[in-house]
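# Descriptive structure summary
So you can see what is in the structure, the chains are spelled out below.
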Amino acid sequence: IGNTMGNAEDTVNYLKAYPQIIRAKRLAVLSNAWHLPRAMSIFIRQPFFTEVGIELVPLTAEELLKRRSKHYERWIEKLEATPEMTHRQQMEKQGIKDLKSGRYKPFSS
């Protein structure tokens, strides 16, 4: 499924099929900073991770880019100052509210 809920389900199915790959019992959830709170909320809702003792670790793409080059730090600052980013952040907050209330409907690609 081409959305975050599908990514979480696919990850669980993959780890069930290949349990030997998760030896450290830690799994990073990688996404953009603006999307990561909702992504973590979705992944945490999968009981599998708690059942087998896998710690979910949030990891932002922006942080990885900043580690690679200072150029990205300026680029990210400019991006975060745009009206589109403000709108995206509002949509993400609404998505978290809908998820918590049980009204969440993911977009599919």
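Values in this document were obtained by computation on a predicted structure and should not be read as measured data. (Residues numbered from 1 in each chain as written. Predicted model: local features only at pLDDT ≥ 70, side-chain atom pairs only at ≥ 80, totals over all residues. Heavy atoms only, no water.)

### Digging into the environment of Leu36
- Counting through the fold element by element, Leu36 comes out in helix H2 (residues 36-44).
- Given a relative accessible area of 7%, Leu36 falls into the buried group.
- Note: C-alpha distance between Leu36 and Leu56 (20 residues apart in sequence) is 12 Å. (Helix = DSSP H or I, 4+ residues; strand = E, 2+ residues; numbered from the N terminus. Buried < 20%, exposed > 50% of the residue type's maximum accessible area, 1.4 Å probe, protein only.)

### Considerations on the nonpolar core
- Core analysis: the largest hydrophobic core is formed by 17 residues, its most contacted members being Leu15, Leu27, Val29, Phe49, Ile54 and Leu56.
- Counting only elements with at least two residues in this core, the list comes to helix H1 (4-17), strand E1 (26-31), H2 and helix H3 (47-51).
- Of the residues forming this core, the biggest block, 5 residues, is contributed by H2.
- Among all residues touching Val29, those that are not within four sequence positions of it are Leu36, Ala39, Met40, Phe43, Leu56, Val57, Pro58 and Leu59. (Core = buried A, V, L, I, M, F, W, Y, C linked by side-chain atoms within 4.5 Å. Contact = heavy atoms within 4.5 Å.)

### Digging into the confidence of the model for the protein
- Averaged over all residues, the pLDDT of the protein equals 92, while 97% of them reach at least 70.
- Summarising per-element confidence for the protein, the mean pLDDT is lowest in helix H5 (residues 70-80) (90) and highest in strand E2 (residues 55-60) (97). (pLDDT = per-residue confidence, 0-100.)

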